[in-house]
There are 2 protein chains.
Amino acid sequence: MSKADLLKLDNQLCFALYAGSRAVIRLYRPLLEKLGITYPQYLVMLVLWECSPEAINVKTLGERLLLDSGTLTPLLKRLEQSGLIERKRCLDDERARLISLTENGAKLKGKALCIPASLIKEVPLETAQFKQLRSHLQNLLNVLQSTEHK
Amino acid sequence: MSKADLLKLDNQLCFALYAGSRAVIRLYRPLLEKLGITYPQYLVMLVLWECSPEAINVKTLGERLLLDSGTLTPLLKRLEQSGLIERKRCLDDERARLISLTENGAKLKGKALCIPASLIKEVPLETAQFKQLRSHLQNLLNVLQSTEHK
DNA sequence: GGCAATTAGATTGCGGACAATATAATTGTA
DNA sequence: TACAATTATATTGTCCGCAATCTAATTGCC
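Note that the coordinates shown come from a computational prediction; the quantities given were computed from them, not determined experimentally. (Residues numbered from 1 in each chain as written. Chains lettered and ligands numbered in written order. Predicted model: local features only at pLDDT ≥ 70, side-chain atom pairs only at ≥ 80, totals over all residues. Heavy atoms only, no water.)

Draft legend 1. How the structure looks around the overall build of chain A. For chain A, the helix and strand inventory stands at eight helices and three strands. Helices and strands in chain A line up, N terminus first, as α-α-α-β-α-α-β-β-α-α-α. In terms of its C-alpha atoms, chain A occupies a principal-axis envelope of roughly 60 × 40 × 25 Å. Looking at chain A residue by residue over its 150 residues, the buried ones come to 45%. Separation between the mean location of the 22 positive side-chain charges and that of the 16 negative ones in chain A comes to 4 Å. (Helix = DSSP H or I, 4+ residues; strand = E, 2+ residues; numbered from the N terminus. Buried < 20%, exposed > 50% of the residue type's maximum accessible area, 1.4 Å probe, protein only. Lys, Arg positive; Asp, Glu negative; His and termini not counted. Charge placed at Lys NZ, Arg CZ, Asp CG, Glu CD.)

Draft legend 2. Here's a closer look at the protein's contact with DNA strand D. Residues and elements named next belong to chain B. Around DNA strand D, 28 residues are found, and the nearest of them are Tyr18, Lys59, Lys77, Arg95 and Arg97. The sugar and phosphate moieties of DNA strand D supply 76% of its atoms located within 4 Å of the protein. Lysine 59 is positioned with one of its backbone polar atoms (N or O) 2.6 Å from a phosphate oxygen of DNA strand D. Classifying every residue of the surface near DNA strand D gives six nonpolar, eight polar and 14 charged. (Near = heavy atom within 4 Å. Polar contact = N/O pair within 3.5 Å; in protein donor to acceptor, adjacent residues only side chain to side chain. Nonpolar A, V, L, I, M, F, W, Y, C, P; charged D, E, K, R; others polar.)

Draft legend 3. Representation of the sheet that holds strand E3 (residues 97-101) of chain B in the model. Residues and elements named next belong to chain B. Strand order in the open sheet formed by three strands is E1-E3-E2, and the pairing between neighbours is antiparallel. Whereas interior strands pair on both sides, the edge strands pair on one side only; in this sheet they are strand E1 (56-57) and strand E2 (85-89). Bridging between E2 and E3 involves five bridges; their strand directions are antiparallel. Note that in E3 the partner of isoleucine 85 across the bridge is leucine 101. The sheet contacts of helix H5 (residues 69-81) involve E2 and E3, and relative to E2 the element is tilted by about 120°. (Pairing = 2+ DSSP bridges. Contact = heavy atoms within 4.5 Å. Axes fitted to C-alpha atoms, helices over the stretch in contact; angles between N-to-C directions.)

Draft legend 4. Fine view of the interface of chain A and chain B. Listed per partner, the contact involves 60 residues of chain A and 60 residues of chain B. Taken together, the two surfaces of chain A and chain B that pack against each other cover about 5,900 Å², and 71% of this comes from carbon and sulfur. In terms of surface lost to chain B, no three residues of chain A exceed Leu7, Leu13 and Tyr18 of chain A, which account for 12% of the buried area on that side. Along the contact surface separating chain A from chain B lie two salt bridges. When the shortest N-O distance is used, the salt bridge between arginine 64 of chain A and aspartate 10 of chain B registers 3.4 Å. (Buried area = accessible area lost by both parts, 1.4 Å probe. Salt bridge = Lys/Arg side-chain N within 4 Å of Asp/Glu carboxyl O.)

Draft legend 5. Structural view of the relation of the copies chain A and chain B. Superposition of chain A onto chain B requires a rotation of 180° combined with a translation of 0.0 Å along the rotation axis, giving an RMSD of 0.0 Å. Look at the turn and shift together and you get a two-fold axis relating the two. Looking at chain A, 100% of its interface residues are interface residues in chain B too, so the copies touch through the same face. (Least-squares fit on C-alpha atoms with pLDDT ≥ 70 in both.)

Draft legend 6. Looking closely at the packing of helix H2 (residues 13-35) of chain B against helix H7 (residues 115-122) of chain B. All names here are of chain B. Look at H2 against H7: their axes get within 11 Å of each other, and the N-to-C directions meet at 145°. In this structure, the crossing between H2 and H7 has a hand that is right-handed. Between H2 and H7, the residues in contact are Val24, Leu27, Tyr28, Leu31, Leu32 and Leu35 and Ile115, Ser118, Leu119 and Glu122, respectively. For the contact of H2 with H7, the per-class residue count stands at eight nonpolar, one polar and one charged. (Left-handed = near helix turned anticlockwise from the far one by under 90°.)

Draft legend 7. The sheet that holds strand E2 (residues 85-89) of chain A, seen in detail. Within the open sheet, the three strands sit side by side as E1-E3-E2 (chain A). Their pairing is antiparallel. Looking at the sheet topology across the chains shown, the edges are occupied by strand E1 (56-57) and E2 of chain A.

Draft legend 8. View of empty space enclosed by the protein. Enumeration over the complete set of coordinates arrives at one cavity of 30 Å³ or more. A volume near 40 Å³ is recorded for the largest cavity. Lining of the largest cavity is provided by Leu125, Gln129 and Leu133 of chain A together with His136 and Asn139 of chain B. Every element with two or more residues in the lining of the largest cavity is listed here: helix H8 (127-147) of chain A together with helix H8 (127-147) of chain B. Across the lining of the largest cavity, the residue classes tally to two nonpolar, three polar and no charged. (1 Å grid on protein atoms, 1.4 Å probe; cavity = no way out; pocket = protein on both sides within 12 Å on 5 of 7 lines; lining within 4 Å. Points joined across faces, edges and corners; volume = space filled by probe spheres on them.)

Draft legend 9. Here's a closer look at the protein's contact with DNA strand C. Close to DNA strand C lie 28 residues; Tyr18, Thr73, Lys77 and Arg95 of chain A together with Gln41 of chain B are nearest. Backbone atoms, meaning sugar plus phosphate, form 77% of the atoms of DNA strand C positioned within 4 Å of the protein. In this structure, threonine 73 of chain A approaches DNA strand C through a side-chain N or O atom, which is 2.5 Å from a phosphate oxygen. In this structure, lysine 77 of chain A approaches DNA strand C through a side-chain N or O atom, which is 2.5 Å from a phosphate oxygen. For the surface near DNA strand C, the secondary structure elements donating two or more residues are helix H2 (13-33), helix H4 (58-65) and helix H5 (69-81) of chain A together with helix H3 (39-51) and H5 of chain B. When the residues that make up the surface near DNA strand C are grouped by side-chain class, the tally is six nonpolar, eight polar and 14 charged.

Written as structure tokens, this is what we have:
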């Protein structure tokens, strides 16, 4: 393949990723609207539902989602406004914020339980293909994570 | 797998896509900075370099990149400001804008030619794996495209 | 203990995404 | 040929991402 061919849009792995990611998020939107949250907010809730009733600080949350405080701080404030989370100062370390679920936030998990199945219905991929794609992507992420600090 | 397990972050195809996409875009950033453009602007340039010297209207560009005018209009204005493109009214249809490369915009392709190779060097995936992942993603996109209008 | 270096999070500013809406040109049709 | 419906783009408003910078708390080290 020539250098010029390598510049064609359809040969870009990055574009496939970028467009695919947005397309899938688009499928989530109507489902998440019923919960009153956005897609990145949903990801935060996934982490909180997983570690609940433990609280989590912003740094750890950011490491989990690969997002920084510039993104998370306003997002978390919105979730707090919505009454889904609390943002308490950590007593041991006044710099840190402990993020935890409110009762409503914990309850929302019940409503979210059906989302994965709804989505799989809309993405007509075989389970095997689905898992393969996911594991290839996770592999890609691991590889990028491990090389980006060199 | 239980319903609750399906809500775990690491089981989400969507998160793998979302985080993977951002991680790859992060790799492009320093390379594109040298060209003075952002990643979405780069995608627009890829399309223009491909169809040049033909002009393209905003609608077609949007279909190619899966972006709407709300995203493209300001982005194209910035590319115009940077002197890389022109935004002319179409004579046959005064509603449409014809987007075309300026001389500088066309010349920038020369600087961009080395980007794919630079990137591949940073993503330590075998060529075969790379192509497989890309084609899986393109398949996913096709599937989503074809079902989203039903 | 005192102070420089580090760390956690917040803030600012810019550039996307995208829904909703607006505007202006074009087309289809009675 | 009017004029309703459609189409192409632009605008507005909200919510991310992320770089750069700031503030305040903590840690390391003399």
